[in-house]
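One letter stands for each residue in the lines below.
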Amino acid sequence: GKTTLAEALLYRAGTIQRIGSVEEGSTVTDFDPEEHARGMSLSLALAPFEWKGFKINLIDTPGYADFVGDIHAAMRVADLAVFVVSAVEGVEVQTEYAWGVAEDHGVPRMVFINKLDKEQASFDRTLDQLRDRFGAGIAPIELPIGEEASFHGVADLFTDKAYVYDSGAAQEAEIPDDLEAREHEVHDNLVEGIVVADDDQLERYLDGDIPSVAELEKTMAVGVANATVFPVVCGSATGPIAVD
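Calculation notes
Every chain is numbered independently, its residues counted from 1 as its sequence is written. Side-chain atom pairs in this predicted model are given and counted only at pLDDT of 80 or more, local residue features only at pLDDT of at least 70, and totals for whole chains, interfaces and linings cover all residues. Only heavy atoms go into the side-chain values, all of them from the structure, while hydrogens and water stay out. By this definition, two strands are paired if DSSP reports at least two bridges between them. A run of DSSP states H or I qualifies as a helix once it reaches four residues; a run of E qualifies as a strand once it reaches two. Both are numbered from the N-terminal end. Orientation is described by lines fitted to C-alpha atoms, with helices fitted over the stretch in contact, and by angles between N-to-C directions that extend from 0 to 180 degrees. Only heavy atoms matter for contacts: two residues are in contact if any of them lie within 4.5 Å across the pair. Confidence of the predictor in every single residue is expressed as pLDDT, which spans 0 to 100. Any residue under 20% of the maximum accessible area for its type is buried, any over 50% is exposed, and the rest in between are partly exposed; the area is computed with a 1.4 Å probe on protein chains only. One fewer than the residue count of a helix, multiplied by 1.5 Å, yields its expected span. By construction, the arc corresponds to the directions joining the helix axis to the C-beta atoms. In plain words, nonpolar cores are sets of buried Ala, Val, Leu, Ile, Met, Phe, Trp, Tyr and Cys residues tied together by side-chain atoms within 4.5 Å.

## Examining the sheet that holds strand E3 (residues 81-86)
- With respect to topology, four strands assemble into an open sheet ordered E3-E4-E10-E5, the strand pairing being parallel. Of all strands in the sheet, those bounded by a partner on one side alone are E3 and strand E5 (138-140). Sheet twist, expressed as the average angle between the axes of neighbouring strands with direction ignored, equals 30 degrees.
- One ladder, built from three bridges, connects E5 with strand E10 (residues 230-234); its direction is parallel. Looking across to E10, one finds that Ile138 is bridged to Phe230.
- Sitting on the sheet, helix H5 (residues 123-134) is in contact with E3, strand E4 (109-114), E5 and E10, with an inclination near 155 degrees to E5.

## Here we look at the sheet that holds strand E7 (residues 153-156)
- Spatially, the four strands line up as an open sheet ordered E6-E7-E8-E9, and their pairing is antiparallel. Strands at the two margins of the open sheet, each flanked by one partner only, are strand E6 (142-145) and strand E9 (171-173). Taking each pair of neighbouring strands and ignoring which way they run, the sheet shows an average axis angle of 30 degrees.
- As defined by bridge partners, E6 adjoins E7 across four bridges and the pair is classed as antiparallel. The partner of Ile145 across the bridge, within E7, is Gly153.
- The strands touched by helix H6 (residues 177-195) are E6 and E7; relative to E6, the strand with the most contacts, the crossing angle is about 170 degrees.

## Things to note about the confidence of the model for the protein chain
- Confidence in the prediction of the protein chain, expressed as mean pLDDT, is 89, and 90% of residues score 70 or more.
- Mean pLDDT values over the elements of the protein chain span from 54, in helix H2 (residues 33-38), up to 98, in E4.

## Observations concerning the environment of Ala81
- Tracing the sequence through the fold places Ala81 in strand E3.
- Exposure remark for Ala81: the relative accessible area of 8% places this residue in the buried category.
- Separated by 28 residues in the primary sequence, Ala81 and Arg109 place their C-alpha atoms 4.8 Å from one another.
- Other than its neighbours up to four places away in sequence, Ala81 contacts Met75, Val107, Pro108, Arg109 and Met110.

## Considering helix H4 (residues 93-105)
- Taking 1.5 Å per residue, 13 residues should reach 18 Å; H4 reaches 19 Å between its end C-alpha atoms and fits that length.
- Within H4 the residues assigned to the buried category are Thr95, Ala98, Trp99, Val101 and Ala102. All buried residues of H4 fall inside an arc of 160 degrees around its axis, so they share one side. Among the exposed residues of H4, those pointing more than 90 degrees away from its buried face are Val93, Glu103 and Asp104.
- Against the buried residues of H4 lie helix H3 (68-77), E3, E4, H5, E5 and E10.
- Positive backbone phi, approximately 70 degrees, marks Gly106, located one or two places after H4.

## Some details on the nonpolar core
- One finds Ile113 and Leu130 to be the most contacted residues of the largest nonpolar core, which totals 57 residues.
- At six residues, the largest contribution of residues to this core is made by H6.
- Ala6, Leu10, Ile16 and Ala47 belong to the second-largest nonpolar core, a separate cluster that totals six residues.

Written out as structure tokens, the structure reads:
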């Protein structure tokens, strides 16, 4: 799903006008004829794009074990590693290997739980696997709205807002009633997990003063940069849903 996500990011940023397909050999980062023939990435590829005033140099790496050298090469220069984990297959051996490489290089990490619109997809099962394999630093900052074929958006745990993609683009909405209780619970857990890293915020929080979204994001960003906190977002690269 990494190459498909890369394609979706380029599309959302307006760098390309249509989303290519790995199966059709029409993606930006799988450009080699051998990659087209095999339907998989064989070497790393660079795909720059601009988003909200920032230039992002995206490095798409192969996922198969035969090409781990490219993963090592990418980790040496990357500021952040995005782990694309399927909500169907879950955490795989190569996920754990690449995580270890990032850990060895001290690279900050985040996780994109992908394919939530597919049959047998489970956000909760995948999140449990991530926590089991990679520890307490795993921090979900979004929850999916709907599951499998009915998946159509995400709930943002920072802002307590929903973003639905029924029209193809993000539309802000209220948290659905059937998700509200769980969203509040996970939101509170997230806030508690963030404020413990900042003595001033923790003291205020214990006194009943909840830090603002901007303050929480800033504190969390320090944990991400120090590779002690690993945000988890979710969506579908083929939708694309919640890629923006």
